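# Descriptive analysis of the structure
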Amino acid sequence: SKKKSDDEATELDDIFISIKTTSSFHESRMQLLLDTWISKCRKQTYIFTDASDFSLIEKMPDGHVINTNCPESHYRKSLCCKMSKELDFFIDSNKRWFCHVDDDNYLNTDQLLQLLQKYNHTENWYLGKPSLSHPLEIQSRSREGQKVAFWFATGGAGFCISKALGIAMVPEAGGGKLIKVGDSIRLPDDCTIGYIINHILKVDLTRVDLFHSHLESQFRIQDPKKHITLSYNEQNVASVPGFSLKDDPTRFKSVHCKLYPSEEMCAGL
Ligand code: UDP
Ligand code: MN
């Protein structure tokens, strides 16, 4: 097939969508995503996990489940290890955009595409939602007594990185180097990404308010069509009517039916 030229419009297939998960969430969180938004972008979605699970591979065959062999824990090292594999796979994919989400995010691919079509993937772009109202301040690792301040996009809200920026990150973060950077500043994966992009590479974070993590109130979200990502945490869920709270505690099924009412799963609504 003919190679796509850089001036052609961005399509879904130009996006590398990666989900970070862990083996204990395959049956719960991942199944919900497979039943809902992943069905709209199977070909573009890659699942980064920490165990080889044949029932998950059956649902997402052809190399879409990556066993990172990273440790099964929430510790910084393990999370940076997964993020480092996500970045390496994105670079190898040669796609225009890297978009990361957690396994408790709903991704509205139509809105994501609308966002990315506004930006040029051949320029450096870091798009996401900061959870702090100020830059994160840490002690400099090279100059004692000095402070370093930088912005980062909350991983749990999802964020995107352009191809140009991904390539610029490789000398600092490629081939597992991201884990070393995370170790040296002792911060989680999303902060480490921000440190590399904003502090080392001096690329700004572009704030996109349509990404949402469960650090924000999800109740305020009523029309999922307008948003790029949603999340949930216990009772903090989007205010979207549809299925009962018992059948859809996270509201993701109701969100999915609001976006795609003709889906089979929405027939009873
Ligand atoms: N996660 C992981 N390993 C773990 C625990 C969590 O990779 O041992 C992933 C999880 O699948 C999710 C993300 O890290 O994609 C954030 O986890 P969670 O939502 O449980 O916690 P949060 O940090 O959002 O409170
Ligand atoms: Mn979470």
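Heads up: these notes are all about the structure in this document. (Residues numbered from 1 in each chain as written. Chains lettered and ligands numbered in written order. Predicted model: local features only at pLDDT ≥ 70, side-chain atom pairs only at ≥ 80, totals over all residues. Heavy atoms only, no water.)

### Some details on the coordination of the manganese ion (ligand 2)
The test is simple: Nitrogen, oxygen and sulfur within 2.8 Å of a metal are treated as its donors, or within 3.2 Å for sodium, potassium and calcium (Na, K, Ca); water is not counted, so a site can appear incomplete. Helix and strand definitions here come from DSSP, where helices need a minimum of 4 consecutive H or I residues and strands a minimum of 2 consecutive E residues; each element is numbered from the N-terminal end. Each residue gets one of three labels from its accessible area relative to the maximum for its type: buried under 20%, exposed over 50%, partly exposed in between, using a 1.4 Å probe on protein chains only.
Distances from the manganese ion (ligand 2) to its protein donors, Asp104 (OD) and His214 (NE2), fall at 2.1 to 2.3 Å. Of this pair, Asp104 sits in the loop between strand S4 (97-102) and strand S5 (105-107) while His214 sits in the loop between strand S10 (205-207) and strand S11 (229-231), placing them 110 residues apart in sequence. The class for His214 is partly exposed, based on a relative accessible area of 27%.

### Structural notes on the sheet that holds strand S2 (residues 45-49)
Selection criterion: Paired strands, in this sense, are two strands between which DSSP finds at least two bridges. A fitted line through C-alpha atoms represents every axis, and for helices the fit uses only the stretch in contact; the resulting angles, taken between N-to-C directions, go from 0 to 180 degrees. Here, residues are in contact when the closest pair of their heavy atoms is within 4.5 Å.
Spatially, 7 strands are ordered S3-S2-S1-S4-S9-S6-S10 in an open sheet, and the strand pairing comes out mixed. Two strands in the sheet have a free side with no partner beyond their single neighbour: strand S3 (65-67) and S10. Across the sheet, the mean angle separating the axes of adjacent strands is 25° when strand polarity is ignored. Bridge count for strand S1 (residues 15-20) against S4 is 6 bridges, and the pairing is parallel. Counted as the bridge partner of Ile19 is Val101 from S4. Sheet contacts for helix H5 (residues 163-173): strand S6 (126-128) and strand S9 (159-162); angle to S9, the most-contacted strand, approximately 80°.

### Focus: the state of the cysteines
What counts here: Note on terminology: pairs of cysteine sulfur atoms within 2.5 Å are recorded as disulfides.
This structure, assessed with the given rule, holds 3 disulfides. With its bonded cysteines labelled in order along the sequence, the protein shows the pairing 1-2, 3-4, 5-6. Cysteine Cys41 shares no disulfide, and the gap to the nearest cysteine sulfur, in Cys99, comes to 10 Å. Residue classification places Cys41 among the buried residues on the basis of a relative accessible area of 1%. Cysteine Cys80 is unpaired, with the sulfur of Cys191 as its nearest cysteine sulfur at 8.7 Å. Residue classification places Cys80 among the buried positions, given a relative accessible area of 1%.

### So, the environment of Lys82
Along the chain, the position of Lys82 falls in helix H3 (residues 76-93). Between the C-alpha atom of Lys82 and that of Thr68, which follows or precedes it by 14 residues, the distance is 6.3 Å. Once residues within four sequence positions are removed from consideration, Lys82 is found in contact with Lys20, Thr21, Thr22, Phe48, Thr49, Asp50, Thr68 and Cys70.

### What to know about the site of ligand 1
This is how the line gets drawn: Residues are labelled near a given molecule or strand when at least one of their non-hydrogen atoms is within 4 Å of it. Polar contacts, as counted here, are pairs of nitrogen or oxygen atoms within 3.5 Å of one another; within protein the pair requires one atom able to donate a hydrogen and one able to accept it, and residues that are adjacent in sequence qualify only if both atoms are side-chain atoms. In these tables, accessible area is a Shrake-Rupley quantity obtained with a 1.4 Å probe, and a residue counts as shielded only by the protein chains included in the view.
Taken together, 13 residues lie around ligand 1, and Lys20, Ser73, Lys82, Asp103 and Asp104 are the ones closest in. One of the side-chain nitrogen or oxygen atoms of Asp103 is found 2.6 Å away from an oxygen atom of ligand 1. Taken by itself ligand 1 offers 520 Å² of open surface, and the protein chains cover 77% of this.

### What to know about the side chain of Lys129
One can find Lys129 in the loop between S6 and strand S7 (136-139). On the basis of relative accessibility, which here comes to 6%, the residue Lys129 falls in the buried class. Among the polar contacts made by the side chain of Lys129, one reaches the main-chain carbonyl oxygen of Phe211 at a distance of 2.7 Å. Look past the residues within four positions of Lys129 in its chain and what remains in contact with it is Phe152, Ala153, Thr154, Ala157, Arg207, Val208, Asp209, Phe211, His212 and Glu216.

### As for the pairing of S9
With burial as the criterion, each face of S9 is covered, one bearing Phe159 and Ile161 and the other bearing Cys160 and Ser162. Two strands pair when backbone bridges link them, and S4 and S9 are joined in this way by 4 bridges, in the antiparallel orientation. Residue Trp97 lies in a different strand from S9, and its bridge partner there is Ser162. Note that S6 and S9 share 3 bridges and pair antiparallel. Within S9, the position partnered with Leu127 by the bridge is Cys160.

### What to know about the pattern of salt bridges
For clarity, the cut-off: Here, a salt bridge means any Lys or Arg side-chain nitrogen found within 4 Å of an Asp or Glu carboxyl oxygen.
Tallied over the full model, the rule gives 15 salt bridges. The closest approach of N and O atoms between Asp189 and Lys20, which form a salt bridge, is 2.7 Å. With a gap of 169 residues between them, Asp189 in helix H7 (residues 189-200) and Lys20 in strand S1 connect regions that are remote in the sequence. Take Asp189: its relative accessible area is 4%, and that puts it in the buried class. The class of Lys20 is buried, set by a relative accessible area of 12%. Residue Lys40 is joined to Glu263 by a salt bridge in which the shortest nitrogen-to-oxygen separation is 3.1 Å.

Worth remembering: the numbers are spatial, not functional.
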